[in-house]
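What follows is the residue order along each chain.
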Amino acid sequence: MCAIEAGKRGRRVTVLERADRIGKKILISGGGHCNFTNLYCRAENFLSRNPHFAKSLLARYTPADFIAMVEKHRIPYHEKTLGQLFCDRSARDITNMLENECQSHGVQILVNRAPREIRRTSEFIVSTENDEFRAPALVIATGGLSIPKIGATAFGYEVARQFGLKVQAIRPALVPLVLAADDRARYCDLAGVSAEVVASSDHHNFREKMLITHRGLSGPAILQVSSYWAAGTPLFIDLALGREMTTVLRSGKARNTAALRSAIREILPNRFADRWLQLHAPDAWTNQGLAELERQLHKWIVVPAGTEGYEKAEVTAGGVDTDELSAKTMESRRVPGLYFIGEVVDVTGHLGGFNFQWAWSSGVAAGQAV
Ligand SMILES: Cc1cc2nc3c(=O)[nH]c(=O)nc-3n(C[C@H](O)[C@H](O)[C@H](O)COP(=O)(O)OP(=O)(O)OC[C@H]3O[C@@H](n4cnc5c(N)ncnc54)[C@H](O)[C@@H]3O)c2cc1C
């Protein structure tokens, strides 16, 4: 997006791509259909040490702007849920669109070119194995560390440090969580079972599906909350959204496991309902005992042992500190001509097309300035 925008302004642009093709992450995104933006994109959908940083950039290049480009290229798309837009056919439509736009605006894309060294004299000098490139402006768009097997590198963070820019601690985000051994033994044979829940961490709540996996918990609710989760802290999971499951038992005569099981089976898949009840049977069939069980249903406390790491994370949270960058152009305040855009910056979106929108918006801003 940066290259296209700069190309439109008549700049001579070369994209150096380490992999054998551009946009590999786009190709695997959204289950191969690329959730390329979200209709309801707001600053609240992003994590950053400075939550205001992304506001003006996101307002200047909006989901509607990207949709206009998608429509110009006649790419069929649909809204799935919660404003998430996906390609009907394949994510390849998006990479083709970007490549065509690059071509139309004279952008040169060179693949299999990994920069080895960057120097700065009166201009930037980037050396690869066989070539040297010189330019008055250098834009780092190397993404985060997630999915190392398709070529993610720490290069962007290293360049930031080389030029003395602060980097906020990085961590895997939008990532499945691993349960501690005792909870794994209790629940993980139920792998594949899912339920709609509200998952909370650090006062952030997400109402979506939770999935039990062979090692822990995943599904959109858990991925979302993982971005806010800090090691050693608990997750709170409401399993009975907006419902009082024990009222009937408390008002009636049948106060027993069978009655409670059938109540909980109304809200959770049978196997999970039965297991949960087995592990949280009330101490006594008194009003107090049932009230305590009700409380636990709305606040199931789980302390994960960790995350599945960068191999499974959709994004990397943290990154180049936004204090180092202009919120208008993404240019370094310390090093004129050096820009950072996309995921390498300390702006991380929620699940649902927000990370691509950030990549597009920050890319366009830099492209209009280089
Ligand atoms: C499985 C998966 C699914 C996802 N699905 C979605 C989704 O549906 N919607 C959404 O909004 N977000 C999604 N994301 C997140 C989204 O893909 C990223 O946030 C986004 O691609 C970041 O864009 P970027 O341009 O900053 O970095 P990237 O897309 O990661 O691009 C960085 C590029 O730089 C290249 N590179 C890396 N190091 C070097 C180097 N040293 N030299 C030269 N080139 C280098 C890489 O090969 C890559 O081509 C998903 C992520 C994953 C892992």
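About the criteria used
All residue numbers here refer to positions counted from 1 along the written sequence of the relevant chain. Per-residue local features are limited, in this predicted model, to residues with pLDDT of at least 70; the limit for side-chain atom pairs, both in listing and counting, is 80 or more; totals at the level of whole chains, interfaces and linings are taken over all residues. The side-chain numbers reported here are obtained from all heavy atoms of the structure, hydrogens and water having been left aside. When a carboxyl oxygen of Asp or Glu is within 4 Å of a side-chain nitrogen of Lys or Arg, the pair counts as a salt bridge. Partly exposed describes any residue whose relative accessible area lies between the buried limit of under 20% and the exposed limit of over 50%, with all areas from a 1.4 Å probe on protein chains only and scaled to the type maximum. What counts as a helix is a DSSP run of H or I of at least four residues, what counts as a strand is a run of E of at least two, and both are numbered from the N terminus. Only strands that DSSP links by at least two bridges are regarded as paired with each other. For this analysis, residues touch if any pair of their heavy atoms sits within 4.5 Å. The near set for a molecule or strand comprises every residue that places at least one heavy atom within 4 Å of it. Pairs of N or O atoms are called polar contacts if they sit within 3.5 Å, as long as, within protein, a hydrogen donor faces a hydrogen acceptor (for residues adjacent in sequence, only side-chain-to-side-chain pairs). Using the Shrake-Rupley algorithm and a 1.4 Å probe, accessible areas are obtained, with residue cover drawn only from the displayed protein chains.

(A) Fine view of the pattern of salt bridges. Applying the stated rule across the entire model yields 24 salt bridges. Notably, a salt bridge pairs Glu44 with Arg42, separated by 3.8 Å at the nearest N-O pair. Relative accessible area serves as the criterion here: at 55%, Glu44 is assigned to the exposed category. Residue class for Arg42 comes out partly exposed when judged on its relative accessible area of 48%.

(B) Up close: the pairing of strand 8 (residues 124-127). The two faces of strand 8 match: Phe124 and Val126 on one face and Ile125 and Ser127 on the other face are all buried. Strand direction decides the pairing type here: strand 8 and strand 9 (residues 132-135), joined by 4 bridges, are antiparallel. Residue pairing in the sheet places Val126 in a bridge with Phe133 of strand 9. As consecutive antiparallel partners, strand 8 and strand 9 are separated by 4 residues.

(C) Structural view of the side chain of Asn45. Relative to the helices and strands, Asn45 resides in the loop between strand 2 (35-38) and strand 3 (46-47). Setting aside residues no more than four positions away along its own chain, Asn45 makes contact with Tyr40, Thr348, Gly349, His350 and Phe354.

(D) Structural context of the site of the ligand. What surrounds the ligand is a group of 27 residues, the closest being Glu17, Asn35, Thr153, Glu343 and Phe356. At 2.5 Å from an oxygen atom of the ligand is found a side-chain nitrogen or oxygen belonging to Glu17. In the model, an oxygen atom of the ligand is placed 3.5 Å from a nitrogen or oxygen of the Gly353 main chain. Considered on its own, the ligand offers 990 Å² of accessible surface; in the complex 87% of this is hidden by protein. At the level of elements, helix 2 (24-28) and helix 13 (354-367) are the ones that each hand at least two residues to the shell around the ligand. Residue contributions to the shell around the ligand peak at 4 residues, all from helix 13.

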